[in-house]
Amino acid sequence: MEAPMPTSQAEPWTLHPDRALPADPTTRDVARRIYAATKDLPIVSMHGHVDAAMLNADAPFGDPAQLLVVPDHYLVRMIVSQGVPHGDLGVPAQDGSRTETDPRAIWRTFCSHWHLYRGTPTRFWMEHVLVEVLGLTERPSADSADRLFDQITARLATDAFRPLALVDSLNLEILATTDPASATLDDHTALAARGWGERIVPTFRPDVVLHVHTPGWVDLVAELGERAGVTVDSYDAYLTALEARRRAFVERGARATDHGHFSPDTTPLSRDDAARIFTAALQGRATAAQAQAFSAHMLFEMARMSTEDGLTMQLHPGVLRNHSARVAAVRGADVGYDVPVATEYTHNLRPLLEAFGHHPDFRFIVFTVDETIFSRELAPLAGVYPAMKLGAPWWFLDTPDGMRRFREAVTDTAGFYNTTGFVDDTRAFFSIPARHDLSRRIDAGYLARLVAEHRLEEDEATETAVDLAYNLPKQAYPALR
Amino acid sequence: MEAPMPTSQAEPWTLHPDRALPADPTTRDVARRIYAATKDLPIVSMHGHVDAAMLNADAPFGDPAQLLVVPDHYLVRMIVSQGVPHGDLGVPAQDGSRTETDPRAIWRTFCSHWHLYRGTPTRFWMEHVLVEVLGLTERPSADSADRLFDQITARLATDAFRPLALVDSLNLEILATTDPASATLDDHTALAARGWGERIVPTFRPDVVLHVHTPGWVDLVAELGERAGVTVDSYDAYLTALEARRRAFVERGARATDHGHFSPDTTPLSRDDAARIFTAALQGRATAAQAQAFSAHMLFEMARMSTEDGLTMQLHPGVLRNHSARVAAVRGADVGYDVPVATEYTHNLRPLLEAFGHHPDFRFIVFTVDETIFSRELAPLAGVYPAMKLGAPWWFLDTPDGMRRFREAVTDTAGFYNTTGFVDDTRAFFSIPARHDLSRRIDAGYLARLVAEHRLEEDEATETAVDLAYNLPKQAYPALR
Amino acid sequence: MEAPMPTSQAEPWTLHPDRALPADPTTRDVARRIYAATKDLPIVSMHGHVDAAMLNADAPFGDPAQLLVVPDHYLVRMIVSQGVPHGDLGVPAQDGSRTETDPRAIWRTFCSHWHLYRGTPTRFWMEHVLVEVLGLTERPSADSADRLFDQITARLATDAFRPLALVDSLNLEILATTDPASATLDDHTALAARGWGERIVPTFRPDVVLHVHTPGWVDLVAELGERAGVTVDSYDAYLTALEARRRAFVERGARATDHGHFSPDTTPLSRDDAARIFTAALQGRATAAQAQAFSAHMLFEMARMSTEDGLTMQLHPGVLRNHSARVAAVRGADVGYDVPVATEYTHNLRPLLEAFGHHPDFRFIVFTVDETIFSRELAPLAGVYPAMKLGAPWWFLDTPDGMRRFREAVTDTAGFYNTTGFVDDTRAFFSIPARHDLSRRIDAGYLARLVAEHRLEEDEATETAVDLAYNLPKQAYPALR
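Given the structure is predicted, the values throughout are model-derived calculations rather than measurements.

Engineer: Help me out: how do you make sense of the overall build of chain A in this one?
Structural biologist: Looking only at helices and strands, chain A has 20 helices and 11 strands in total. Against the globule reference of 23 Å for 481 residues, chain A gives a C-alpha radius of gyration of 23 Å, in line with a compact fold. Seen through its C-alpha atoms, chain A measures out along the principal axes to roughly 75 × 60 × 45 Å. Expressed as a percentage of the 481 residues in chain A, the buried residues total 65%. Sequence separation of 24 or more characterises 77% of the internal contacts of chain A that already satisfy a separation of 6 or more.

Take a look at the structure:
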C-alpha cells in the first residue's frame, strides 16, 4: 500500500474489485484468478424467502424503504440495538404503537445510521445492492439520504427493475421460494403457465403442522387436509395428507423440504404412540413433552418420505424465536429477536442417520447457527454418512469470517464434496447476488490460501471453486420431474 | 525481513514499535496508522482491582516481588504449573507452610522462569511494565535477576513512582476500584477531599451479600445494614439497605456495579418467595437450590435498581473458583485455581432482558470466559437489545488472539457499537497501560484487515478505533453526578 | 507469485519444500528457518496403534491396498461418504456382504477418488507417504492407479521396506504400541531379545476390563487374572491383577497407560461401593449407572496407580463409537463411524486433579476432539496443575488448521511448556513421519507469526520448536527402567 487510503468522501463511490479477498498479496493474486472463474456463474438459489405472489404479480417495487429497510431484520435489529424504536424503521405495530409511514423518513433513519454496519456482512450486501444492482455512486449518510431515495425510486419505476426482469438480469438460474404445506401453489402454477416453472420453484415447509402446539394447530391441520383432499381425523390420514401435499409440491417443481425445528431431535415413536399423541393433540390435550416427542418423530417421518418422493430434506434447528415476548406482541415475528442456542447433532441425528443415512435416494442437508459443532459433530457426520451434506454457514454465520471459519473447521474431515456449496437464505430479493458474490470471494480466498501454502494445486482449487459455486448446489437439489 | 532476527541477548532490550500488529506488510502499514491515532489517548479504566487504600495512602511501593510477582495470579500460576510450590513465589500460607519471604529470592524465581511466558499475554504486559514503565534495558533471566531487582527498587523509591503520581504519568483519565457493598468508602472520601474524586471512583460489588451461602453471610448482611443505617431483619429491609448503599456509591462517584455470579441465571422470584428464602437464609436453613434461585433473583433485582439509580451493571459469570480445595485451604483465593465452565446466555438472560432490555436508562455489560458463545449468543443478544453491550474479552481471553477472535466473531452481528471498547480487569496497577496498549494494537490490526480487504475505508477504521479505545468506554460508564 | 501455478498434470510430482508454512512472505521466511531446526530431529512416537506382532514378524508388507487403504479409517470414511460401499474398499464384512478382494481394484477405487481429499490432512499425509517414503513421481488418479500399484508393490518387496528397517529409515527413535491389559507382550519380549527393547515399547490400555458392560467382561477379567497370576474373585484381587499387569508392562519398557473412556468423569467411589459394583458386575447384574460410576472410579484408581508405578496417564475421551449400529454389525469397529460429543473437563477432572494434580511423580496427559474447551477448560487447568499436560490436538483436530487453532487457543494461558509437543495417533505405520512433519511445519508457522509480530525473539522460537518436536514428548513419557 504505497499511500494512505482515500477517505470515504473524497471520491465517487465504487466497490473495490478485490473486496473480501485476502490481504496478503501472494494469496490475493491466486484468489483473484480463482474468483474470476466463478464470478459470472449463474446463481442457484435453492433456499430463500422471496414471496411467490410478488414474483407472479411482477409489479414494480414500491419504495426504497419498503423494499430495502422494513422487511430486513438484519438491518432493523442493528438500528434498534442503538435505541431507535422499531416504529422509526416502519416496522408495523399490532397494537397501534407509533409507526413511521413516510418511506423517505424511514430511509433517512437508515442512512444516518450507516456507520453501525461497519465490519458487518449487511454492509457488504447493501453496498452490492446499492452500487452493483441499483447503480448508485454516493454512500448512505444523513446528507445523501434524500438524493439516494430519489435515485432508487426512479430506478424502481423502470421495467428493468420489475421482479421477473430481475430474475434474468440478476443471473438467477433457479430461485426457490418457501411455502407452507397447505399453500395452494397458485402463484407457482401461474408462473409455470408463463414459462417460469423451471426457474421459480416452491419448497415444502410443514413446520406449523408438525408442531402440535402451534397456535391454531387444529385448524391448520384441517386446512392441510382440505388442500390434500383428505379428512384428517387420524394419524394415518395426517400422514396421507402430508404425502399428498409433498407430491403436489413435486409436481409444481419443488426440489426440497425445509424444517425449522427448535430441537434437532429425530427420535421416532412407534406408530401407536404417534397416533396416540396425534389424537390427544386434536383434542387439545397434548403435553409439552408429547409435543416435542411428536415433533422429533415427524422429522424422522419427513426423512422417510424423502426416501420415497426424492425431496431433498433441509434442517435449520437451534434458534429461539421471539426472545422478547413483548416485542413479538407489538411488532410480530422476524424483527430481530431470534437468538441461537447450543445445538447437538451427534445424538440427535443418530436415529435418522441410522435409518436413512445410507439410503441411495436420500439427501439430507443440515445447517447450524452454532459454530462450535463445525469440527466436533458436523464434519465427522457428513464425512461418513452418504446421505448427509453440510449446508452453508447459516444466518448469523453467513459472513466473511463465519464462512472462512466454516471451511477451516469442516474441510479437514468432510472435505469440500460433502458440503452443498453456497445456499443463501434471505427475504431480501435484491441482495441474493451479493450473498453469492461474497461466498464466492470467501471460498476463493480460502482455496487460494491452500494453494499459497502448497496444500492444493491451483487447477484443483479453481475446479473446486466452480463446484462450490454452481455444481454442488445443483447436485444437492436435483430436479425431480 | 531482510536478515535473520537478532538473538535475544545480542542487543539492549527495547520493544519493537510494531509489536502485536499483523505481520502482512500491507495490513501492518494500515494498522500502524490506525494505532497512531489511539496510542496516546487517555486511559479509561472502569473495571479493575487496584486497592483504594493503597491509592489513598500514596506510599512508595515496597519491593519488586510484592509489587509485580506475589499478587499476580497469571504469573504465579504459570510457574506453579511447572511444579514450583506457591511458597517459592511468596504466596502467603494459612497453615504455616514454608513461604519465601526474601523478595530478591522471589524475584529471582520469577526471572529464571521467564521462558514459560513465551507466547502469552503475561509476557507482553510484563515487557511493557519493565521497559515502558520501569525503563529497564535487560531481559529477565537467572543472570539478570539481581540487577533488575536493584534497578526496580531504585525506581520505586522515587516520588515519580508513588501511586498517585503514576495515575498521572500512566495517563489514567479515570480509574475505578472494586469495593464490597459494605465498604465505608473512606479512602474514596479522602481521595475526593484531595481533588481525586472525579478520577478515582468506587464500583459496587455486592456478591457476598447476594449469595446466601457465602460463609458468614448473616454477619455480612448485618454489616451491610449497619453501613446503610437499616436493621436488616426482613427481605424488604435488605432491599432498602442495598438501595441505600448503591446511592452512597453513586454519591462517591461510582458509575457501575459488578457481579461475579457462578451462573448467569436471572430468573426473578415473586416477592413472597424471595422473602421466604431470605428469612430461611437468616435462620441458616436455606437449601442449595434456594440459594441459587435467590442469587438469580437478586441479579434481576440489581438490574431493576440500575434502571432507577443509573449504575451501569456488569456481569462476570461462569468461573468455578478455587478448583483445588486443598490449595484454597493453604494458599487462599486468587492464586490461579479459578477455571471457566460453559456459559449459557440465551435462556439465562432472557428474564432480565425481557424486563429491562429496552429501558432507556439501563446499561448492561456482559463478559465471558467462554468464547463459544461469542457468535452464538452474545452478538445476537447485544445486536438487538438496546440496553445490552458486550464487554471486552475477559481474563483468559484478554489476549492478542482472544481479542482478535472476539472481534471476528461478534462484529458480524453486533457491529462495533454494541461493544464497550476495551475494559481492563487487573489487580496489577503497573500493567494497566500495557493492557490498554495491547487492546489498541489488536483492534488496529483487526480494523486494518478490514481496510486491506476493502471491507471498510481507512477513515472509518480510524474513527472506530478511537471510539473503541476512548469514546465507547466513556459512554458505557457515564458519570451519574 | 509471478505466474499462474503449474497445473496438476504438467510436471512430475514433487512436494513443495514450503508446504503448510504460512503464505505471507515475511512469516514464511522465519518459519522456514525454524522448521529447518526441527525437520530432521528423531521422531518420538509415544501413542500409536502399530501392531507389535507385525513389527516382530518383520515380514514384507503385503500389497498397497492392505497397507495403505483398507485399515485407514480416515481414508475409507471419505470415500464411503460419497456413496461407495465399504466392500469396494476391501473392508471385511462379518455377514458375507460383498467385499472386494482384488488389491489392485481397491487401490484403483482409492486413486480415482483422490479429489475428495482436497484440503484434508489425509491428502497431506498420503502425499508424504507416496512421495517421500515410497518415492513415487505421479499423482493418484484413475489413470495412474495401476502404475502406482506396481511401483509400490515393487518397493514393498525390497528389504528396505520391511518393518524394522523402516523404524530406522523413518527416523523413529522410539515407537510405542498400544496393548490390552491382558497382552502377553511376547512380541515385545522377542523384540527386546533382538535389541529393540528400548525403541519399541508397549502401552497399557485397560479399557475393556475397566468398563463392566464390555461384551464378555467376565471372561476378560478372568483372562486378566490368569495373565497376572491372580484369581480375580474380588475387587481387591482385581486391583492387584491390574497393578501386577502394569508392573509387567513397565518391565517390558512401557512408559504410559492409555484410556479411551466415553466420559471423562473421574469421581471416586468408596472402596465398599466399588467392591459392591464389581461383585454385581461379576454376576452380570450391574446397572448402566453403576457401570458408568465404576468406570469413573477406575480412572481415579488408574491415576493413583500411576503415582505409584510412574506410568504416564493418557486420557482420550468424548467419542461416540460406532454411531451406526448397522454398519458396526456388518463391517465392525474402526471403519469411520466414531463421532465426537461435547466434553466437559472442569468438573469431571476435578476429583482426580484435587487428589493427584500436585503429585511430583504423576504425569497426566489429556486429549480432546472438542476444540471448544481449548481456551475454556484445557488451558486454565493445564496452566496451573503441575501434573497435567495437554496432548496434541487429536484425531479430527490433528490437522493444519486444527493444530494452529490449538496453539492460538491454549498458548495464552498454558504457554508451550504445559503441552507435550506432538503426539501422533495412527495405525498407518508409513504415515508416522508425515504426521510429525506436518506438526513441525504448523508449529514453525505459529512460532514464526509470533516472531513476525514481535511477540517472541527468533532464537526463543527456534528453541521452543525443538522442545515441541523432541524434548517435551521425551519429558512427558520418561523411561521408567
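Back to the write-up after that little detour.
Engineer: Even after reading the chapter, I still don't get the packing of aromatic side chains, so can you show me in this structure?
Structural biologist: Each aromatic ring pair is summarised here by two numbers: the centre-to-centre distance and the angle between the ring planes. Counted by the stated rule, this structure contains 78 aromatic pairs over all chains. Relative to C:F362, the ring of C:F356 lies with its centre 6.2 Å away and its plane at 70°, an arrangement referred to as edge-to-face. Exposure remark for C:F356: the relative accessible area of 10% places this residue in the buried category. The class of C:F362 is buried, set by a relative accessible area of 3%. Of the aromatic side chains, those joined through ring pairs into one cluster are A:W13, A:W107, A:F110, A:W114 and A:Y117. When the ring centre of B:W125 is taken as origin, the NZ or CZ atom of B:R435, which lies over that ring, is 3.7 Å away.

Engineer: When you look at the relation of the copies chain B and chain C in this model, what are you seeing that I'm missing?
Structural biologist: To go from the first copy of the chain to the second, apply a rotation about an axis and then a shift along the same axis. Turning chain B through 120° and shifting it by 0.0 Å along the axis lays it on chain C, with an RMSD of 0.0 Å. The superposition of one copy onto the other is thereby described by a three-fold rotation axis. Mapped onto chain C, only 3% of the interface residues of chain B again fall at the interface, so the copies present different surfaces.

Engineer: Please clarify how the interface of chain C and chain A should be interpreted in this entry.
Structural biologist: Listed by partner, the interface residues are 58 residues for chain C and 51 residues for chain A. The closest approach of N and O atoms between C:D370 and A:R376, which form a salt bridge, is 3.1 Å. At the surface where chain C touches chain A, the tally comes to 29 residue pairs in polar contact (both at pLDDT 80 or more). Within the residue set of the side of chain C that touches chain A, elements represented by two or more residues are α1 (25–38), α4 (73–80), α6 (121–133), α15 (325–331), β9 (339–340) and α18 (400–414) of chain C.

Engineer: In this structure, what is going on with the packing of helix α18 (residues 400–414) of chain B against helix α19 (residues 432–452) of chain B? I would like to understand it.
Structural biologist: Two packed helices can be described by the angle between their axes and the distance between those axes. Residue and element names in this part refer to chain B. The N-to-C vectors of α18 and α19 enclose an angle of 45°; their axes lie 9 Å apart at closest approach. With respect to each other, α18 and α19 are oriented oblique. Here α18 runs over α19; the crossing is right-handed. Contacts between α18 and α19 involve P400, M403, R404, R407, E408 and T411 on the former and, on the latter, L438, S439, I442, D443, Y446 and R449. Class assignment of the residues belonging to the contact of α18 with α19 gives a composition of five nonpolar, two polar and five charged.

Engineer: Explain the nonpolar core to me, please; I cannot follow it from the model alone.
Structural biologist: Soluble globular proteins tend to bury their nonpolar side chains together. In this structure, A:Y238, A:M388, C:W107, C:F429 and C:F430 are the most contacted members of the largest nonpolar core, which totals 137 residues. Considering each element in turn, this core owes the most residues, nine residues, to helix α12 (residues 235–251) of chain A. Once residues lying within four places of it in the same chain are set aside, the contact partners of A:Y238 are A:V209, A:L210, A:V221, A:L224, A:V232, A:F278, A:F294 and A:M298.

Engineer: Where do I start with the sheet that holds strand β2 (residues 172–176) of chain B in this structure?
Structural biologist: Hydrogen bonds between backbone atoms are what pair the strands of a sheet, whose relative direction is either parallel or antiparallel. Residue and element names in this part refer to chain B. Strands sit in the order β1-β2-β4 across an open sheet of three strands; the sheet is parallel. At either margin of the open sheet sits one strand with a lone partner, and together these are β1 (43–45) and β4 (200–201). Of the strand pairs in this sheet, β1 and β2 are connected by three bridges, and their pairing is parallel. Its bridge partner lying in β2, V44 is registered against I174. Against the sheet, α19 engages β1 and β2, with an angle of about 110° to β1.

Engineer: I tried to follow the relation of the copies chain C and chain A on my own but got confused; where do I start?
Structural biologist: Superposing chain C onto chain A takes a rotation of 120° plus a shift of 0.0 Å along the axis, which leaves an RMSD of 0.0 Å. The two copies present different faces, since only 3% of the interface residues in chain C are matched by interface residues at the equivalent positions in chain A.

Engineer: When you look at the packing of helix α18 (residues 400–414) of chain A against α18(B) in this model, what are you seeing that I'm missing?
Structural biologist: With their axes 8 Å apart at the nearest point, α18(A) and α18(B) run at an angle of 130° to one another. Looking at the two axes, α18(A) sits oblique to α18(B). Residues A:P400, A:D401, A:G402, A:R404 and A:R405 of α18(A) pack against B:E408, B:A409 and B:D412 of α18(B). For the contact of α18(A) with α18(B), the class distribution of residues is two nonpolar, one polar and five charged.

Engineer: Can you help me understand the environment of B:S375 in this one?
Structural biologist: Structurally, B:S375 can be placed in helix α17 (residues 373–382). Under the relative-accessibility criterion, B:S375 is labelled buried at 3%. A C-alpha to C-alpha distance of 24 Å links B:S375 and B:H436, two positions 61 residues apart in sequence. In this view, B:S375 contacts A:E371, A:L397, A:R405, B:P380 and B:A409; residues no more than four positions away in its chain are not counted. Within the local environment of B:S375, its side chain forms a polar contact with the side chain of A:E371, the two groups lying 2.5 Å apart.

Engineer: How should I be thinking about the side chain of A:T38 in this particular structure?
Structural biologist: All names here are of chain A. Relative to the helices and strands, T38 is located in helix α1 (residues 25–38). In this structure T38 comes out as buried when scored by relative accessible area, which is 1%. Those residues in contact with T38, other than ones at most four positions away along the chain, are R440, A465, V466 and A469.

Criteria and cut-off values
- Residues numbered from 1 in each chain as written.
- Chains lettered and ligands numbered in written order.
- Predicted model: local features only at pLDDT ≥ 70, side-chain atom pairs only at ≥ 80, totals over all residues.
- Heavy atoms only, no water.
- Helix = DSSP H or I, 4+ residues; strand = E, 2+ residues; numbered from the N terminus.
- Rg over C-alpha atoms; globule rule 2.2 N^0.38 Å.
- Buried < 20%, exposed > 50% of the residue type's maximum accessible area, 1.4 Å probe, protein only.
- Contact = heavy atoms within 4.5 Å.
- Phe/Tyr/Trp six-rings, centres within 6.5 Å; stacked < 30°, edge-to-face > 60°.
- Lys NZ or Arg CZ within 6 Å of the ring centre and 35° of its normal.
- Least-squares fit on C-alpha atoms with pLDDT ≥ 70 in both.
- Salt bridge = Lys/Arg side-chain N within 4 Å of Asp/Glu carboxyl O.
- Polar contact = N/O pair within 3.5 Å; in protein donor to acceptor, adjacent residues only side chain to side chain.
- Axes fitted to C-alpha atoms, helices over the stretch in contact; angles between N-to-C directions.
- Parallel < 35°, antiparallel > 145°, perpendicular 65-115°, else oblique.
- Left-handed = near helix turned anticlockwise from the far one by under 90°.
- Nonpolar A, V, L, I, M, F, W, Y, C, P; charged D, E, K, R; others polar.
- Core = buried A, V, L, I, M, F, W, Y, C linked by side-chain atoms within 4.5 Å.
- Pairing = 2+ DSSP bridges.

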